[in-house]
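Summary of structural features
One letter stands for each residue in the lines below.
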Amino acid sequence: MSKVFIALGSNIAPAKGNIDRAVSALNQAGTVIKTANYIISKPEGFADQADFVNTVLLLQTDLKPLPLLKKLKELEASLGRKPTFRNGPRVIDLDILFYEEETINLPDLTIPHKALSEREFVLAPLNEIAPDFIHPVLHKAVSELLKDLMLRKKQSTVKELN
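Each chain has its residues counted from 1, running along the sequence as written. With pLDDT at 70 or above as the cut-off, local features in this predicted model cover only qualifying residues; side-chain atom pairs require 80 or more to be listed or tallied, and sums for whole chains, interfaces and linings still use all residues. Side-chain figures throughout are based on the complete set of non-hydrogen atoms in the structure, without hydrogens or water.

**Remarks on the overall build of the protein chain**
Strands here are runs of E lasting at least two residues and helices are runs of H or I lasting at least four, both read from the DSSP assignment and numbered beginning at the N terminus. On a plain count of helices and strands, the protein chain comes out with four helices and eight strands. The order of helices and strands in the protein chain, counted from the N terminus, is β-α-β-β-β-α-β-β-β-α-α-β. Throughout, radius of gyration means the C-alpha value; the globule benchmark is 2.2 Å times the number of residues raised to the power 0.38. Computed over its C-alpha atoms, the radius of gyration of the protein chain comes to 15 Å, within 12% of the 15 Å expected for a compact globule of 162 residues. Considering the protein chain as a whole, with its 162 residues, one finds that 48% of them fall into the buried category. Pairs at least 24 residues apart make up 67% of the contacts formed inside the protein chain by residues separated by at least 6 positions. Seen as two clouds, the 21 positive and the 20 negative side-chain charges of the protein chain have centres 3 Å apart. Only protein chains enter the calculation, and the probe is 1.4 Å; a residue is then buried if its accessible area is under 20% of its type maximum, exposed if over 50%, and partly exposed in between. Residues count as neighbours in contact if any of their non-hydrogen atoms are within 4.5 Å of one another. When charges are counted, Lys and Arg are positive and Asp and Glu negative, with His and the chain ends excluded. The atoms used to mark charge sites are NZ of Lys, CZ of Arg, CG of Asp and CD of Glu.

**So, the pattern of salt bridges**
We count a salt bridge whenever a side-chain nitrogen from Lys or Arg sits within 4 Å of a carboxyl oxygen from Asp or Glu. Counted according to the given criterion, the structure contains ten salt bridges. Among the salt bridges present, the one from D20 reaches K16, with a minimum N-O distance of 3.1 Å. Of this pair, D20 and K16 both sit in helix α1 (residues 15–25), four residues apart, which is roughly one turn of that helix. Under the relative-accessibility criterion, K16 is labelled partly exposed at 41%. The partner of K153 in a salt bridge is E120, and the shortest N-O contact between them spans 2.9 Å. Of this pair, K153 sits in helix α4 (residues 142–153) while E120 sits in helix α3 (residues 120–129), and the two are 33 residues apart along the sequence.

Structural data, given as structure tokens:
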């Protein structure tokens, strides 16, 4: 069984409900071990859309990376995700952040997720459940990556969902 960190996001109502359904559905891919608190974040890349609800969870799975990616895409579709433009609104988004300490560079899959060190909406919930996890390429703990990002940004762009 492998331990995998997965980021979840939604900004189409009911966003929190979509995340709840995705967390439950992810049990089809393995066992959800931990889920961070949900946060609200501003959209990136395309600002004219609703705020996102985000979280990160730890999944224990026997699926290898490519079959896991395929399963995540199937789950997104079953939860109502439709193809749209890059950074556009979505019912659900499921991204593999880390798969154990593996590094994978394929056309359809990059692990660790290439943008995670620049995304507070990923690092903040990831830091809640795995602050000491070491990024296998950057060789820094998640807590350090978040601290570094906040020093560059100067101001948080996320808040906890009440």
